[in-house]
Every structure is written in structure tokens, then in C-alpha cells.
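Now for the letters of each chain:
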Amino acid sequence: MTGASRRAIKLQVNGKPHAAEVDVRLTLADCLRQEFKLTGTHLGCEHGVCGACTVLLDGQSVRACLMLAVQADGRAVATVEGLAGADGKLNILQQAFKDHHGLQCGFCTPGILMTLTECFADKPDLTEQDIRVALSGNICRCTGYQGIVDAAMDALRKMRSLL
Ligand code: FES
Ligand code: FES
């Protein structure tokens, strides 16, 4: 039994079933980090501005700091932990970030990777300008963005060559 302020939820995270009994006010970001120990989703501003907490909900990017965990009940969430292969091998996008110095402190990186993952799934013919627009809601305080854009373009080229 759950009390009025708590509710049992079940969701898929990175393709695996997860369940918890949560306070109805718990955000999805805090649920991922505290209940499921998936601390790759970072919290910066906690009010929807910085993009560090970006995850995919049924394939669409959301700010996990602005969403309640109960709103994700029954849905599929993708986080940065799900990008690498089961053997830990970085995916094409992650490897490109490594190759092009697309990160320094790495705090913004999970949100940026998830934003780009959504973009690439939708539109493989993105231009550099499209990428800059797509990332306009993700704040990075370290890199100056050029390495991030270079990494994104390199990953796109490599993904296209596999089509
Ligand atoms: S922590 Fe969610 S947008 Fe900044
Ligand atoms: S790499 Fe430090 S905030 Fe982006």
C-alpha cells in the first residue's frame, strides 16, 4: 500500500524495467539519481535552463528537473548510461566527443549527448547550423562549444557512412 503522498511507479530505463515507490513530488531527475543510482543525469540549475538534466522520454528530450517521476510512470526513459555498448565501448557520438575535445569538466556532457541523440534519430541530414540551434538550450561553461559542434559533425558523418 502507498500513502497519499507516495506512489508506486514502473518504467523502463535504458531498456530495463525499474520500479520504485516515490514521493509524488520527486522529480524524474532525482528519481533517476537517488532511487535508481543513475547519476549520469546531472543537475545544474534545477529550473529548466541549463539542459544538464536532459534525458529522453519515449524518444523525446525532456528536462528531468522539471518533470515528476510519477509522470514517467509506464514510459521509456533513456539516459546517458544507456549510450555505451554492454561491453562499455563508447558509441559513435561519445567517441567523437573524446576525439574532438568536446568536453572539459563534463558536467554538461550527458545532457548534450542526449539532446544530440534525439536530433540524430530524427534528422540525419542536419547541418552545423541545425546542431548549433539544437544545442542552444544546453549550457556549457568550459568548452566554448566549438569542440562540441566538431564532435557532433564528425559523429554525423560517421553515422551517415553506415547508412
Ligand atoms: S538542471 Fe534541469 S535544466 Fe538545468
Ligand atoms: S564541459 Fe564543463 S560545462 Fe561543459
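Residues numbered from 1 in each chain as written. Chains lettered and ligands numbered in written order. Predicted model: local features only at pLDDT ≥ 70, side-chain atom pairs only at ≥ 80, totals over all residues.

1. Thoughts on the environment of Arg25
Basically, it comes down to this: Runs of H or I in DSSP of at least four residues are treated as helices and runs of E of at least two as strands, each being numbered from the N terminus. Labels follow a simple rule on C-beta atoms placed from the backbone: if 20 or more others lie within 10 Å of a residue's own, it is buried; if 12 or fewer, it is exposed; otherwise it is partly exposed.
Counting through the fold element by element, Arg25 comes out in the loop between β2 (16–23) and α1 (28–35). Taking the number of C-beta atoms within 10 Å as the measure of exposure, Arg25 has 11 and is therefore exposed. Put simply, Arg25 and Arg6 are 19 residues apart on the chain and 8.5 Å apart in space, counted from C-alpha to C-alpha.

2. Quick look at the domain arrangement of the chain
Note the following rule: Here the limits of each domain have been adopted from an automatic or database domain assignment. The contact rule is simple: place each C-beta atom from the backbone, and if two of them lie within 7 Å, those residues are in contact. Each residue is assigned to one class: nonpolar for Ala, Val, Leu, Ile, Met, Phe, Trp, Tyr, Cys and Pro, charged for Asp, Glu, Lys and Arg, and polar for all the others, Gly among them.
Entries for the chain in the domain assignment read domain 1 (6–82) and domain 2 (92–162). Each of domain 1 and domain 2 was reduced to a C-alpha centroid, and the two centroids are 22 Å apart. Counting from both sides, the interface comprises 15 residues of domain 1 and, opposite them, 13 residues of domain 2. Those elements giving two or more residues to the side of domain 1 that touches domain 2 turn out to be β3 (54–57) and β4 (60–63). Considering every element that reaches the side of domain 1 that touches domain 2, the biggest residue donor is β3, with 3 residues. Within the side of domain 1 that touches domain 2, the residues separate by chemical class into 6 nonpolar, 9 polar and no charged.

3. Brief notes about the pairing of β2
Under the convention used in this document: Think of it this way: DSSP has to see at least two bridges between two strands before they count as a pair.
Inspection of the sheet shows strand β1 (residues 6–13) paired to β2 by 8 bridges, in the antiparallel sense. Along β2, the bridge assignment pairs Lys10 with Ala19. Hairpin geometry of β1 and β2 is characterised by an intervening segment of 2 residues between the two adjacent antiparallel strands and by a positive phi of about 55 degrees at Asn14.

4. Some words on the sheet that holds strand β5 (residues 76–78)
Stated precisely, the cut-off is as follows: What counts as an axis is a line fitted to C-alpha atoms, over the stretch in contact for a helix, and the angles between N-to-C directions run from 0 to 180 degrees.
What the 5 strands build is an open sheet, ordered β2-β1-β5-β3-β4; its pairing is mixed. Of all the strands in the sheet, the pair left with one neighbour each is β2 and β4. Adjacent strand axes in the sheet meet at a mean angle of 40 degrees, parallel and antiparallel pairs treated alike. Note that β1 and β5 share 2 bridges and pair parallel. Paired with Gln12 across the two strands is Ala76, which belongs to β5.

5. So, the environment of Ala86
Among the structural elements, Ala86 can be located in the loop between β5 and α2 (92–99). Each C-alpha atom of the pair Ala86 and Leu68 lies 29 Å from the other, and the pair is 18 residues apart in sequence.

6. With respect to unusual backbone geometry
Apart from glycine, the bulk of residues carry a negative phi angle, and the bulk of peptide bonds sit in the trans form. With phi around 60 degrees, Lys37 is a residue other than glycine that occupies positive phi space. Within the secondary structure layout, Lys37 lies in the loop between α1 and β3. Of note, His101 is a non-glycine position whose phi angle comes to about 55 degrees, a positive value. Among the structural elements, His101 can be located in the loop between α2 and α3 (109–122).

7. Examining α2
As a reminder of what qualifies: Note that the arc is computed from the directions linking the helix axis to the C-beta atoms.
Buried residues of α2: Leu93, Gln94, Ala96 and Phe97, and no others. Considered in projection along α2, the buried side chains sweep an arc of 160 degrees and stay on one side of the axis. At the C-terminal side of α2, His101 shows a positive phi close to 55 degrees.

8. Considerations on the packing of α2 against helix α5 (residues 146–162)
In plain terms, the rule: By the definition adopted for this analysis, an angle is roughly parallel if under 35 degrees, roughly antiparallel if over 145, roughly perpendicular if from 65 to 115, and oblique otherwise. With the far helix as reference, a near helix turned anticlockwise by less than a right angle produces a left-handed crossing, and one turned clockwise produces a right-handed crossing.
The interhelical angle for the contact between α2 and α5, taken along N-to-C directions, is 140 degrees, at an axis separation of 8 Å. The angle between α2 and α5 places the two elements in the oblique class. Where α2 crosses over α5, the handedness of that crossing is right-handed. When α2 is examined against α5, the residues Ile92, Leu93, Ala96, Phe97 and Asp99 are found in contact with a partner set consisting of Ala151, Asp154, Ala155, Lys158 and Met159.

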